Amino acid sequence: MPSTDWDDKLEIRELLERYMRYNDDGALDRLVALFDEDAIYQVTGNVLRGHGDIREFLGRSGAFVDGRPSWTDPGELYKQPRSVHVSTNPIIDVEGDTATAESDFVVLSRDDDGRARIDLVGRYRDRLRRDAGGRWLITKRTGLSVARPGKAGTDDEWQRALGRMNDTERAKLT
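Bear in mind the structure is a predicted one, so any value in this text is a computation, not a measurement.

Mapped onto the elements of the fold, asparagine 23 is located in helix 1 (residues 3-25). A residue is classified by how much of its surface remains accessible, and asparagine 23, at 8% relative accessible area, is buried. Each C-alpha atom of the pair asparagine 23 and arginine 82 lies 9.3 Å from the other, and the pair is 59 residues apart in sequence. Setting aside anything within four residues of it in sequence, one finds asparagine 23 in contact with Leu31, Phe64, Arg82 and His85.

Generally speaking, nonpolar side chains in soluble globular proteins are found buried as a group. By size, the foremost hydrophobic cluster in this structure holds 30 residues, and its most contacted members are Ile12, Tyr19, Phe35, Tyr41, Leu58 and Leu128. When contributions to this core are tallied by element, the ones reaching two or more residues are helix 1, helix 2 (28-32), strand 1 (35-43), helix 3 (50-59), strand 3 (83-95), strand 4 (98-110), strand 5 (116-130) and strand 6 (136-145). Here this core gets six residues from one element, more than from any other, and that element is helix 1. Ignoring sequence-local partners within four residues, the contact set of isoleucine 12 consists of Ile92, Val94, Ala99, Ala101, Leu128 and Trp136.

Applying the stated criterion across every chain yields a total of five aromatic pairs. Ring centres 5.5 Å apart and planes at 80° place the aromatic pair tyrosine 19 and tyrosine 124 in the edge-to-face group. Of this pair, tyrosine 19 sits in helix 1 while tyrosine 124 is found in strand 5, placing the two residues 105 residues apart along the sequence. The burial state of tyrosine 19 is the same as that of tyrosine 124; both residues are buried. For the pair phenylalanine 105 and tyrosine 124, a centre-to-centre distance of 4.4 Å together with 25° between the ring planes defines the contact as stacked. Residue phenylalanine 105 is located in strand 4, and its partner tyrosine 124 is located in strand 5; the two are separated by 19 residues in the primary sequence. The same class applies to phenylalanine 105 as to tyrosine 124, namely buried. Taken together through their ring pairs, the aromatic side chains of Tyr19, Phe35, Tyr41, Phe105 and Tyr124 make up a single cluster.

Parameters and conventions
Residues numbered from 1 in each chain as written. Predicted model: local features only at pLDDT ≥ 70, side-chain atom pairs only at ≥ 80, totals over all residues. Heavy atoms only, no water. Helix = DSSP H or I, 4+ residues; strand = E, 2+ residues; numbered from the N terminus. Buried < 20%, exposed > 50% of the residue type's maximum accessible area, 1.4 Å probe, protein only. Contact = heavy atoms within 4.5 Å. Core = buried A, V, L, I, M, F, W, Y, C linked by side-chain atoms within 4.5 Å. Phe/Tyr/Trp six-rings, centres within 6.5 Å; stacked < 30°, edge-to-face > 60°.

Structural data, given as structure tokens:
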């Protein structure tokens, strides 16, 4: 395997990790910038298309806003994150200017007593592309949950969500 494959894999891994960190930080602008302009984002039974839909979906909760400070900004070092998204076991395959990645994740947050609790466990399946500037972007991110109703080895969880779409819409997502 040429060394450039490893460079690409490292850049993609960095992108996946930034997604998790920006999610924890509620950094809407930085998180959305990791996606291609017309990306498909499929999470929690929702299918979103493009920056506008992703921005509106994430912004709805009020936890995500533009311009959030980074921990490296003055006064931010000791502030506790709202959650911790842990990504692990990435399998990244690169083919020229496109790639796929599959990684497991756990999301933890703080309960009312200040103790960590598991909110979500699952797997992300990503498709990526390298843009003209050489930067990797997510073109499609699908989240599969272990903590939602569904049976292992089936697509029950997503069939409920996709069942609300017509055949043409569903075909665009696969």
